[in-house]
Amino acid sequence: MTAVTEKTAVVAADKGMTKREWIAGLVQRRGSLVVLALIVIVSTVAFDSFATVDNARNIAMQSSFLAIVALGMTFVIISGGIDLSVGSVYALGGVLAALGIQWGSLTGILLPLVVCGGIGMLNGALVAYGRLAPFIVTLATLLGARGLLLAITDEGSNTRVMPRDALLTQLGQGTLLGVGYPVWIAVVLFAVGAVMLQRTRFGHSVLAIGGSVEAARLMGLPVARRTMWLYTGSGLLAGLAGALAAAYSASGVTIVGVGFELDAIAAVVIGGTLLTGGAGTVGGTLAGVLLLMVIQNVINQIGTLSSHYQSVVSGAFLAAVVAIQAYLSRAHLGRERGT
Amino acid sequence: MTAEAVLDARGIGKRFPGVVALSEVDLTLPPGEVHALVGENGAGKSTLIKVLTGVYAPDSGELSYRGSPVRFSRPLDAQEAGISTVYQEINLVPLMSVASNLFLGREPRNRFGLLDFRAMNTAAAKLLESYGVHVDVTRPLRTLGAGVRQMVAVARAAASHARVVILDEPTSSLEPREVDTLFEIINRVRAEGAAVLYVSHRLDELYRICDTVTVLRDGRKVHNGPLKELSRLQLVALMLGRDLEQIQREGTTKFDSAPAEALETPVLAARGLTSQHRLHGVDVTVRPGEIVGLGGLLGAGRSETVRAIAGSLPVDSGAVTVAGKPVRSGSVAAAMRAGVVMLPEDRKSDGVLPDLSVRENIVLAALPRLSAGGLVSRRRQDAIVDTFMKRLRIKASSPDQKVGELSGGNQQKVLLARLLCREPKVLLLDEPTRGIDVGAKAEVQALVGELAAEGLGVVLISSEFEEVVEGSDSIVVLREGRVVAELRGADVTEQKLIAALADGGGHG
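Residues numbered from 1 in each chain as written. Chains lettered and ligands numbered in written order. Predicted model: local features only at pLDDT ≥ 70, side-chain atom pairs only at ≥ 80, totals over all residues. Heavy atoms only, no water.

Colleague: Explain the overall build of chain B to me, and be specific about the residues and the numbers.
Modeller: Secondary structure assignment for chain B yields 19 helices and 22 strands. Every one of the 508 residues in chain B was classed for burial, and the buried ones make up 54%. The long-range fraction of contacts in chain B, counting pairs at least 24 apart against all pairs at least 6 apart in sequence, stands at 67%. (Helix = DSSP H or I, 4+ residues; strand = E, 2+ residues; numbered from the N terminus. Buried < 20%, exposed > 50% of the residue type's maximum accessible area, 1.4 Å probe, protein only. Contact = heavy atoms within 4.5 Å.)

So, in structure tokens, the structure goes:
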């Protein structure tokens, strides 16, 4: 063991991050939270009916379903993939819950989880082992799941009603400390998700796969296995969200969830996760979901504005976030070339 | 050397569609030894490494690791067995921290099974410091320089208690003192009893650090033995497949003889071209009508030199003048305006547009000159296309035939025609005959000669030494980004070129 001599000891000439990079990084990670806080403050002042317990409860409940779907999407996008099937899978989960509940609440919850998890696993297997493009694979299952949904509901003509007193229905409608169970479930899932992403080898390897799949593979990380589980998880969560939403409205409705995958992607990206993968946070996604939902709520508060404007505003946010991301990654590239 | 080999490959063969990449290759790595793997471009080094590390499955042959036969079906298997690899392109995750990159896949965990970042950062800092690298390990890797990233990659490989460490061109982005640090790490790894496989083109480094050597050529093992027993000349001769006797008969030459040339103004004069890690003060002078060849092994800086002249490689210092007028460096547009055009190495990706016609491909570059008020005169186009098709003897059924349907040689001529439309003063040719058949090759070579005879200055790169020697009036020999010799007149022979590559004389 030779001690390394002084002359060789200065390999890393320290180049601190530039101020611009630092600010850019902050905007990336916390931007959605700041905007969310601003909108909440302004709305509280502007609308009497905004900062009420009922309205907060309402926003939380509406957010919980999208949040659960967006959680799975966050992991998939961080790994460098995309899951377009979640909207259809979400709707399928609801209908399966309503279908299964006739044999008891347990079947009512297990049926959607098994089927939706299975669809997710199919996505994952095709992406991970079949080496197919996630965009195409999940587009195919988006169509397939929607078709399956129409088949089991006679083209959507029969909407199944779930019995009010069933345990599963209660899971959607009941409250704890005045807050609905779906909100609690979402909160718990996000806490678990945050720990998984930040503090486990699993999460670490997801970040590595998204950062550079080739490097992850050559470092000996189990890329294919991880990828498959990510899509399985995304399908499971979409199915769960669908089942909870069905329980909340006590019916399995076929027309829900169209375009839901895009809302989830928007929330993830607004939350600061790079669409190219490799970086992102679960907390950011939560802020992104709330931001979308608060915007919707505020537009409802204004009342005179058509609710369609909600999409316009959400779209504008998304465009702004993607523009900032592009600007940031160009800053990174410039740096790499400079070194 | 009686110790049992850590890794032993016997009769390895690997073919890809249309190519035999490896055939009957043997490689033995005993513990505590640094083994050099050398060979020119396409010799099969990268393929062999990928076979050893489980990226590719061999088509034939056997691999045995620590005495028992193994079959790695993926990189993870090889890695878990104790074979660590540092690939040529640094394979780390730029967005993640230095510490994460060091420990990915084997991160320390606390008693709840969660990652213990404090332990990880401490261990990472300690590990890097023991290698003389002082860096904030929580910084994302992308914010660090190429040298540090390379050291992190090496540290990752060395720290995983590997039995075999494979280093593929580890010094290509390192400063000299970083190379020293790297060699200390290698010595430590060797002292711990691991086997090291070291791939590099830098002869100085090979002789500094390696004990034994395997030479590959065209997918076959051509030599294996202690490195000390081989002279540099012998090593280069083996790599290139040249007759050593013949080279030795020629003897060593003085390469500093630069006979006084005609006082004509050079059409191209590049002075002191310097680009970090790649070029170190390269001078190239081309007189009108002269063909100057660039000689050198892979990675010597030949392509970089022409790219620097053409403005597509940013230079740190150095100047280019064309016909006595200085050209702004780092700008392709400025170089083109000054009359410098380049035929890129990769015809398919950087050159022809296969779905467009011969006419469209030729006049593409000349469109601005041919148009008036945004409209392009078809008659003038036809005139130019007709001229060049005749002059360069382009064989196409008509100017409207798609370029993609032509042979490789004719595609290359179409590209040449496109460059010549701009009425250049200097033509830079990077591998002009690669991938075209023998007949077409001779024709392209003849054409280049004719163009030079008309007063054009030509810089020629070819990995085929005969081509450089036959085609060039003088040769600038490069090694590791420096000019190590200039051959002129009677000295322009294959033997002298090879001798210059091996010997090279004192560094500029």
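Colleague: I'd love a proper account of the overall build of chain A, names of residues and values included.
Modeller: Scanning chain A from terminus to terminus reveals 13 helices and 4 strands. Residues counted as buried form 50% of the 339 residues belonging to chain A. Sequence separation of 24 or more characterises 78% of the internal contacts of chain A that already satisfy a separation of 6 or more. Of the accessible surface of chain A, which amounts to about 15300 Å², a share of 69% is contributed by carbon and sulfur atoms. (Areas by Shrake-Rupley, 256 points an atom, 1.4 Å probe, with all protein chains shown as cover.)

Colleague: Go over the sheet that holds strand β13 (residues 291–295) of chain B, please, and point to the residues and values.
Modeller: Residue and element names in this part refer to chain B. Spatial strand order, β16-β19-β20-β13-β21-β22: 6 strands in an open sheet with mixed pairing. In this open sheet, the two edge strands, each paired with only one partner strand, are β16 (340–343) and β22 (482–488). On average, each strand axis in the sheet is inclined to that of its neighbour by 20°, with strand direction left out of account. Across 4 bridges, the pairing between β16 and strand β19 (residues 426–430) is parallel. Across the sheet, residue methionine 342 finds its bridge partner in β19, namely leucine 428. (Pairing = 2+ DSSP bridges. Axes fitted to C-alpha atoms, helices over the stretch in contact; angles between N-to-C directions.)

Colleague: Can you explain the packing of helix α3 (residues 86–100) of chain A against helix α10 (residues 223–249) of chain A? Please cite residues and give values.
Modeller: All names here are of chain A. Running from N to C, α3 and α10 point in directions that differ by 50°, and their axes come no closer than 7 Å. Judged by the angle between their axes, α3 and α10 are oblique. In the packing of α3 onto α10, the handedness of the crossing is right-handed. Contacts between α3 and α10 involve Val86, Val89, Tyr90, Gly93, Gly94 and Ala97 from the first element and Ser234, Gly235, Ala238, Gly239, Ala241, Gly242, Ala243, Ala245 and Ala246 from the second. Of the residues assigned to the contact of α3 with α10, the class counts are 9 nonpolar, 6 polar and no charged. (Parallel < 35°, antiparallel > 145°, perpendicular 65-115°, else oblique. Left-handed = near helix turned anticlockwise from the far one by under 90°. Nonpolar A, V, L, I, M, F, W, Y, C, P; charged D, E, K, R; others polar.)

Colleague: For the confidence of the model for chain A, give the residues involved together with the corresponding values.
Modeller: Caution applies to low-pLDDT parts of the model: their predicted coordinates are not meant to be read in detail. Per-residue pLDDT for chain A has a mean of 82; in total, 86% of the residues score no lower than 70. Between residues 332–339 of chain A, whose pLDDT stays under 50, and residues either more than four places distant or in other chains, the model counts 17 contacts. (pLDDT = per-residue confidence, 0-100.)

Colleague: Hey, could you go over the UniProt feature "transmembrane region" (unreviewed entry) in chain A for me, with residue numbers and the actual values?
Modeller: All names here are of chain A. Here the UniProt feature "transmembrane region" (unreviewed entry) sits at residues 33–53, 59–77, 109–128, 135–153, 173–197, 228–248 and 309–328. Between the C-alpha atoms that bound residues 109–128 there is a distance of 28 Å. The span itself is 100% helix and 0% strand. Measuring from the first to the last C-alpha atom of residues 228–248 gives 30 Å, for a span that is 100% helix and 0% strand. (UniProt positions renumbered as here; feature names shortened; annotations may be inferred.)

Colleague: Please set out the nonpolar core residue by residue, giving values where relevant.
Modeller: In terms of nonpolar packing, the biggest core is built from 155 residues, with Leu102(B), Leu128(B), Ile186(B), Tyr198(B), Leu206(B), Leu235(B) and Val477(B) touching the most fellow members. In terms of residue count, helix α2 (residues 53–78) of chain A provides more of this core than any other element does, 14 residues in total. If near-sequence neighbours (up to four positions away) are discounted, Leu235(B) is found in contact with Val38(B), Leu203(B), Leu206(B), Tyr207(B), Val213(B), Val215(B), Leu227(B) and Leu230(B). In this structure, Val358(B), Val385(B), Val403(B) and Ala452(B) belong to the second largest nonpolar core, which totals 33 residues. (Core = buried A, V, L, I, M, F, W, Y, C linked by side-chain atoms within 4.5 Å.)

Colleague: Just give me the short version of the sheet that holds strand β11 (residues 268–275) of chain B, but keep the residues and values in it.
Modeller: Strand pairing within a sheet occurs via backbone hydrogen bonds; the two strands may be parallel or antiparallel. Residues and elements named next belong to chain B. On the basis of which strands lie adjacent, the open sheet formed by 4 strands has the order β12-β11-β14-β15 and antiparallel pairing. Edge positions in the open sheet fall to β12 (279–286) and β15 (325–327), since each of these has one partner strand only. Geometrically, the sheet is characterised by an average inter-axis angle of 25° between neighbouring strands, direction not taken into account. Across 5 bridges, the pairing between β11 and strand β14 (residues 317–322) is antiparallel. Counted as the bridge partner of alanine 269 is threonine 321 from β14.

Colleague: Just give me the short version of the pairing of strand β3 (residues 34–38) of chain B, but keep the residues and values in it.
Modeller: Side-chain positions along a regular strand alternate between the two faces of the sheet. Residues and elements named next belong to chain B. Here β3 lies mainly inside the structure; 5 of its 5 residues are buried. Side chains Val34, Ala36 and Val38 project from β3 onto one buried face, and the interleaved His35 and Leu37 project onto a second face that is buried too. As paired strands, β3 and strand β8 (residues 195–199) are joined by 4 bridges and run parallel to one another. What sits directly across from valine 34, in β8, is valine 196. In terms of strand pairing, β3 meets strand β9 (residues 212–217) through 4 bridges, oriented parallel. Bridging from a neighbouring strand, histidine 35 pairs with threonine 212 of β9.

Colleague: Explain the packing of helix α8 (residues 232–240) of chain B against helix α19 (residues 494–503) of chain B residue by residue, including any values.
Modeller: Residue and element names in this part refer to chain B. Close contact between α8 and α19 brings their axes to 8 Å; oriented N to C, the two are set at 120°. Of the possible angle classes, the one that applies to α8 and α19 is oblique. Of the two possible hands of crossing, α8 and α19 adopt the one that is right-handed. Together, Arg232, Leu233, Val236 and Leu240 of α8 and Ile498, Ala499, Leu501 and Ala502 of α19 make up the contact between the two elements. For the contact of α8 with α19, the residue count by class is 7 nonpolar, no polar and 1 charged.

Colleague: Which residues make up a nonpolar patch on the surface, and what values go with them?
Modeller: Together, Leu171(A), Leu176(A), Leu177(A), Tyr181(A) and Trp184(A) line one region of the surface with nonpolar side chains, adding up to about 470 Å² of accessible area. Checked against the element boundaries, Leu171(A) lands in helix α6 (residues 167–173). (Patch = residues over 30% accessible without salt bridge, like charges linked within 9 Å, V, L, I, M, F, W, Y side chains within 5 Å. Salt bridge = Lys/Arg side-chain N within 4 Å of Asp/Glu carboxyl O.)

Colleague: So what about the pattern of salt bridges? Which residues, and what values?
Modeller: When the charged atoms of two side chains with opposite charge come close together, those side chains can pair. All names here are of chain B. Summed over the entire model, instances satisfying the criterion amount to 18 salt bridges over all chains. Across the salt bridge formed by arginine 74 and aspartate 77, the nearest N and O atoms sit 3.4 Å from each other. The salt bridge involving glutamate 290 is made with arginine 488; its shortest N-O contact spans 3.9 Å. Taken together, the positions of glutamate 290 in the loop between β12 and β13 and arginine 488 in strand β22 put the pair 198 residues apart, joining distant regions of the chain. For the pair glutamate 290 and arginine 488, a shared accessibility class is recorded, and that class is buried. Ionic contacts of the salt-bridge type, sharing partners, join the residues Asp8, Arg10 and Asp26 into one network.

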